[in-house]
Each structure stands twice: as C-alpha cells, then as structure tokens.
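# Architecture at a glance
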Amino acid sequence: MDQLTKKIILILRRHGRSSFSDIARELDITREQVASRVNPLFQSGQLRVIAAPHPRVLGLTVSAHISIKVSGSIQPIVKALEGMDSLVFISVAAGAFQVIAETGLPSMTELRQQISTIRAIKGVTDVQVLVYERLLSSFFLGEEPESFNYNFDEYDISIITILQQDGRASYADIAERVGLSLSGCRIRVQRLLESGVMQIGAIKQRSDMTDDLLFGIGINAHGDLQDVTKLLRAEMGLEFMARTVGRYDIIATLSFNSLRDFNKLISRLLELPTVTYSEQWLHVQLVRERYDRPLEHLKVTRV
C-alpha cells in the first residue's frame, strides 16, 4: 500500500464521512486519485467505515488492557479468548507477553471475574491488567467527553444501528429508513458526533499485519504527563492513547512504516525528562478488532 493511500485512510479513520472532494483538497490531489485508491478497498471489504458508540454510553464503565503470558501453544488460548464477547481486541504479540486483549465491562466485579477466568485457561502463566482511567486519543473515540448525559430516542438508536453497518450511508437513505426528513436526519447525526457519544471512522482488515507495523507502548513518567501526550499526539500513526492505573501511567498504540521510524520515536520519548521507563511490544496478528456493540443497554427516551 503506497503512502498516499495510507494518508487517505488516516483521514477516513478520524472522519469516516469525509467526502472524496474534501480529502482531495486536504491532500492537494484530485478527487479521482482518492476514488481510485479507496473504492477498490471498499469493494473488496479490506476497508470499512462504521460508527462506534462510546462504551460508557452503553453502560460499559470499566475498560482495561490485558497482557497475557503463555506457556506452550498460543492458539488454544486465543480460541478460548474468542469465546469472550466483551473482548473487543485480541492480538498475538511479540514481547514480554504473547497475547494482548482489551475489554469493556459494566463493573470492576465483572472485570475481576473475567481476569479470574482468563487465569484459569490452560497454558496461561501470568495476566497483567491496566485499567483505563481516561481515554486520551483513539481514531474512533477521540478524547473522552467530560459528560455522557445524552438523551437518546428511538430515532437515534435506529440511526446508530444503520451507521454501525455502513458509516458512509447517505443522509437520504438513513432518513428514508428511519422515517425522518433529510434535514432532521443530518442534524441528529451531527449532534451524535459533536457530543462525542459516537464516532465514525474507517477500519482496515489487517489480520496478517503485512502493511503496517503496529506497536504498543507502555510508559511510566513522573509529574505532568503533557510532554508525553504531546509527543505521541504528533505521530501520524497514533491509534490509541490512555491514562492507566497499573504498571504504566500511559499506554499507546501506534502504527509505523518501518522499524527505523519506531526507534526514532522511542529515542525521543526516552529523552523526555519526565519519562522514567518505557516498554514496547509488536502486534504480529490481530485476531479481533471490533468497534460495533449491542445497543440494548442504551437508556432511551420514548418519542
């Protein structure tokens, strides 16, 4: 995949409904260049644009990163993890831990129960947990909103359901399917996006990781973390960043085109006076990367 295609996909990750014309203007290329690169990816299923409601509006108030150390074959353990529906991310990794997962659950009690279940899987020798105290950046969620006081009605639920399947569905199509006017539909979609309770972005089918090097970074730092977050936000490949409670203060996921680019970032990171420690791991196979979630727990105001 060439660099121009990657830049186009990066824009669609953050703004999944961007028109080809808007993308072309941002990159100073033609609309036809955008279409020629993106349409084949859409048609093949390699690239999808979907809506992702924020976990907290779904009642999933506890999100955590799980690092799993394995003895013996990894595949039976991965298969057991795939049976846990709350795990939205599962990856085979190269590093101190062989499997990385991410979960979203309604309570700390349920997190404790899930970790106990994972520890009991044959071949698992250690499980380390990082609780996300605050999401700072994600190509779907952005920075976590200050408040989730949002009144959903049945129209909102219908719109989110459609956009979870096709984030680029036209306003006309959505309006016809949910029974709203075109302008009313557009206003509702914009309100959902601007409130931060939903984002729309592109996801790639990338289980074999042949086009990207996807790294996880755990960072310990003292004092103000702004210099760390500022450095990471400046990276084009930043996909996720959170403040955590556990063995790291900050955790981040970034994609790179080369090991050299990754090593440059780590060098700059370690030069920061506040950073005391950094650990890295490479995601070598993404088993699950899911952002669509059931909506039955949304509190709905009847219309």
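Predicted, not measured: the structure shown is a model, and the values here were computed from it.

### What to know about unusual backbone geometry
A positive phi angle is found at Asp 28, which is not glycine, with a value near 55 degrees. Tracing the backbone through its elements, the reader meets Asp 28 in the loop between helix H2 (20–27) and helix H3 (31–44). By relative accessible area, which is 72% here, Asp 28 ends up exposed.

### Considerations on the packing of helix H6 (residues 154–165) against helix H8 (residues 182–195)
Put simply, H6 and H8 touch, their axes get as near as 11 Å, and they point 80 degrees apart. The angle between H6 and H8 falls in the class roughly perpendicular. On H8, the residues that touch Tyr 155, Asp 156, Ile 159, Ile 160 and Leu 163 of H6 are Arg 188, Val 189, Arg 191 and Leu 192. Taken together, the residues that form the contact of H6 with H8 break down as six nonpolar, no polar and three charged.

### Observations concerning helix H7 (residues 171–178)
Turning to H7, its buried residues are Tyr 171, Ile 174, Ala 175 and Val 178. Looking straight down H7, one finds that the buried residues subtend no more than 100 degrees of arc, so they occupy a single side. In this structure, H7 carries Glu 176 and Arg 177 as exposed residues pointing more than 90 degrees from its buried face. Looking at the buried positions of H7, the neighbouring elements they touch are H6 and H8. One or two steps after H7, the chain reaches Gly 179, where phi turns positive at roughly 85 degrees.

### Comments concerning the sheet that holds strand S9 (residues 238–245)
In space, the eight strands of this closed barrel follow the order S2-S4-S3-S11-S8-S10-S9-S5, with antiparallel pairing throughout. Between one strand and the next, the sheet's axes are offset by a mean angle of 35 degrees, whatever the strand orientation. As paired elements, strand S3 (residues 87–94) and strand S11 (residues 275–289) share six bridges and run antiparallel to each other. Within S11, the residue paired with Ala 93 across the bridge is His 283. Its contacts with the sheet put helix H4 (residues 75–82) on strand S2 (62–70), S3, strand S4 (99–105), strand S5 (124–138) and S11, and the angle it makes with S11 is roughly 80 degrees.

About the thresholds
- Residues numbered from 1 in each chain as written.
- Predicted model: local features only at pLDDT ≥ 70, side-chain atom pairs only at ≥ 80, totals over all residues.
- Heavy atoms only, no water.
- Helix = DSSP H or I, 4+ residues; strand = E, 2+ residues; numbered from the N terminus.
- Buried < 20%, exposed > 50% of the residue type's maximum accessible area, 1.4 Å probe, protein only.
- Axes fitted to C-alpha atoms, helices over the stretch in contact; angles between N-to-C directions.
- Parallel < 35°, antiparallel > 145°, perpendicular 65-115°, else oblique.
- Contact = heavy atoms within 4.5 Å.
- Nonpolar A, V, L, I, M, F, W, Y, C, P; charged D, E, K, R; others polar.
- Arc of directions from axis to C-beta.
- Pairing = 2+ DSSP bridges.

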